[in-house]
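What follows is each chain in one-letter form.
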Amino acid sequence: MNTFHHTAIPQKQAQSAALKATALRRIVEHKTQEPHVAEQYDLALRKIYDELYELNVTKNTYRIVYHVADKYVTPPESGELFKAISDVSITMIHPDDKAHFLEFFDLDAVRDSFRAGRECLIGEFRKLWQDGGYHWSTLTLFPAGLSAHDEIYLVFIMDIGEKKKVEELTQRNHLLEQQRLADERYRIIIDQTGTLVFEWSRDSDARFISPEIPRRFAGEYDGRDLMHIWQDDAVIHPMDEPLLTQFLINTRKACSYTEMTIRLRTHSGQHIWCKVALTCIKDEQGQPKRYIGTLNDVDQATRSILALKYRAEYDTLTGLYNMQTFYAKAAQRINEHPGHHYSIVRMDIDRFKVINDLYGIGEGDKLLCAIARLIQEHASPHDVYGRISGDIFCICTNDSRAEIIRTIHIIVEKLAEYPLAYRIMPSFGICTVDNSDTPVNVLCDWANLALKTIKGSYLTTYAFYDDKLRQRILDEKKIESEMHAALSNGEFVMYLQPKVHIPTSRIIGTEALVRWNHPTQGLIPPDVFIPLFEKNGFIIQLDEYIWEQACILLRTWIDSGRTPVPLSVNVSRMHIHDLHFCDKLLKLVTRYAIPPYLLKLELTESAFLENEAGLLAAMNTLHAHDFLFSMDDFGSGYSSLNMLKSLPIDTIKIDRLFLSEVVTTERGKTIIRHIIAMAHQMNIRIIAEGVETMEQALFLLESGCCLAQGYFYSRPVPVDSFEKMAYEAGTP
């Protein structure tokens, strides 16, 4: 955007806001200078504003400093700034205010405004509350830390609903006063506002109906009561007849005021939404004396509200329930039928991202719509189903186990016929509802745990959440409860697996691997705990521990006069998101005076797929300091060649599964030979991991690959066993 526009506010309000901004700026400055006034600062702000956000443009982050509980719908407590602004504009700001909200946070315009001397920027928007409605609020933005290093702003949010009501009431009273002074009859005045009027009196059979009513709406206006005409002549929409019935009941009860919003048929046959209100004027004894009714065309506004309600409850792409509505409707269905046995079925598509990458997002959306239609066609009539996110769909059903499996088979067969060259492989996880008090989102998570056990399998497409899975979750919880103490107690042990020069069987390097030497369970293999640590983030601490152990070992070899062999350490994809990743490695090799090329860093393809830009920047920085990189598991993913093109890779390791599968055929052998030849042409070293037989070793040597790693030469062994092989025996 080239121009910054703000909501127009009255001069007094602008002056007041400017004074508040100046005061707030002084409070912030005073707080940073005198920490003991922090509590007073917080109390002062909370008395004025409902929410306070801190926005760090430099780091693209935000955090909620405080907010009034149970009032506004808020984003997560912290996260990515610009993504959050976009998400809030879509889910928490009234659709009519979305464009202006995004314009309010136009960074260039914000900077220009403050350079021009503005104390603060103020906007008025309708913000979503916990009650599901949108209410007027002011957003006040002012700079809190503009320097060469940080660009920080504070956003204060204040409820101005009552102020808006007062403004509207003042405007309305002013209009009524003008009307009274004009001394016109109320019908003429209301007609000028577009309101149609009807009335009748208790003491007279005379009735009045605005002439516009019979001109606009169907029905024979022959002296009958207006409500009877609408009912008898089919003017009212059939689905709204219960509303009219209740309206008449309220009228007979002599209610002072009653209203309804119904659809009435026009002469063209179209039904439009109308608001009908009736006011009862009573005599001195409190008995009904006169009824005055109004009719307003609210078709456009009502349709807008219904559209908004639809967007809030349904997935706009597929027309199914969205996540929150599915959770609510499924919980309602389960609780209303306690005698039925329900199950939650969760479905997603294996490697759906590949479909979007290969065929485009438009084709991916078509597939999602096709899946939604399949679910609608083949689910039972009373099932609740929705699209949770992305390619994830959930069904709440009381079908039997056999019926669920039959429906799954139908969906799988239909998707196998889907007109796309890429094979569509759905996976299903099913969780039986044993306790109706269990939240539906938890049941969906349990179904997802079952789904993950068979995801990518060609043998089965569904799995049930059962006692075995429950036990695995308990085992994982036990591991998580012990992992920090295990690291502190030195229970994680570094093992080494040699890398060998095939022609001479000479050890030319080694890879550091981790084992858990548990005090009661003995040696725990990494496949038991590494996947869990990668999921919960503990892998970062564990990796850094192994990195340091590797540096200590290299330093020991150097100090003892031994020729150190390069020692490879694994770098989890989690490290790529660590802003201090490079600094940690540089400080580590400096502390132990280790040449960086001796500590070789092994990366997997998943790190590249998650954060290509961040990975490339980190690798270039470390490469400039003489660190070397290996690409682990080469050949296991569809982006491996693209990684070679983009990243400063020094060595590639042929994936063990890839090697074992392809060397059994001539075509597979040809693929291996071409990979080796390509690596040589790019001046990239190549090593084959998972070598288990003499046949594999000889084939690799004949194909031009001279380096190998695998059980044929040695399993991962403790450090002292490796040193005997490398420095005492000379060969493994």
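Model, not experiment: these values are computed from the prediction.

## What about the pattern of salt bridges?
By the definition in use, this model includes 33 salt bridges. Notably, a salt bridge pairs Arg115 with Asp112, separated by 2.9 Å at the nearest N-O pair. Taken together, the residues span about one helical turn, with Arg115 and Asp112 both in helix α5 (residues 107-115) at a distance of three residues. Assessed through its relative accessible area of 63%, Arg115 is described here as exposed. Lys164 serves as the salt-bridge partner of Glu124, at 3.1 Å between the closest nitrogen and oxygen. Here the residue Glu124 occupies a position in strand β4 (residues 121-128), and Lys164 occupies one in helix α6 (residues 161-182), the gap between them amounting to 40 residues. Take Glu124 and Lys164: they sit in the same class, and that class is buried. Connected via shared salt-bridge partners are Lys499, Glu511, Glu602, Lys653 and Glu689.

## Section: helix α26 (residues 694-703)
Because each turn of an α-helix spans 3.6 residues, side chains separated by three or four positions in sequence point in the same direction. Along α26, the residues that are buried comprise Gln696, Ala697, Phe699, Leu700 and Ser703. In a view along the axis of α26, the buried residues occupy a sector of 165°, so they form one face of it. In this structure, α26 carries Glu695 and Glu702 as exposed residues pointing more than 90 degrees from its buried face. Where α26 terminates, the next one or two residues include Gly704, which has phi positive at roughly 105°.

## Some words on the confidence of the model for the protein
Residues shown with low pLDDT carry predicted positions that ought not to be read at fine detail. Looking at the protein as a whole, the pLDDT averages 84, with 86% of positions reaching at least 70. Put simply, helix α1 (residues 11-33) is where the protein has its lowest mean pLDDT, 52, and strand β17 (residues 492-501) is where it has its highest, 96. Here residues 1-9 is modelled with pLDDT under 50, and outside its nearest four sequence neighbours on either side it reaches 28 contacts, counting other chains as well.

## Structural notes on the sheet that holds strand β9 (residues 257-265)
Judged by pairing direction, the sheet is antiparallel, and its five strands sit side by side in the order β8-β7-β11-β10-β9 without closing on themselves. Strands at the two margins of the open sheet, each flanked by one partner only, are β8 (207-209) and β9. This sheet shows a mean twist of 15° between the axes of neighbouring strands, independent of strand direction. For strand β7 (residues 196-201) and strand β11 (residues 288-297), the ladder comprises six bridges, and the chain directions are antiparallel. Residue pairing in the sheet places Ser201 in a bridge with Arg290 of β11. Taken strand by strand, helix α10 (residues 241-252) contacts β9, β10 (271-282) and β11, and its axis lies near 150° from that of β9. Against the sheet, helix α11 (residues 299-313) touches β9, β10 and β11, its axis set at about 110° to β10.

Scoring rules and cut-offs
Residues numbered from 1 in each chain as written. Predicted model: local features only at pLDDT ≥ 70, side-chain atom pairs only at ≥ 80, totals over all residues. Heavy atoms only, no water. Salt bridge = Lys/Arg side-chain N within 4 Å of Asp/Glu carboxyl O. Helix = DSSP H or I, 4+ residues; strand = E, 2+ residues; numbered from the N terminus. Buried < 20%, exposed > 50% of the residue type's maximum accessible area, 1.4 Å probe, protein only. Arc of directions from axis to C-beta. pLDDT = per-residue confidence, 0-100. Contact = heavy atoms within 4.5 Å. Pairing = 2+ DSSP bridges. Axes fitted to C-alpha atoms, helices over the stretch in contact; angles between N-to-C directions.

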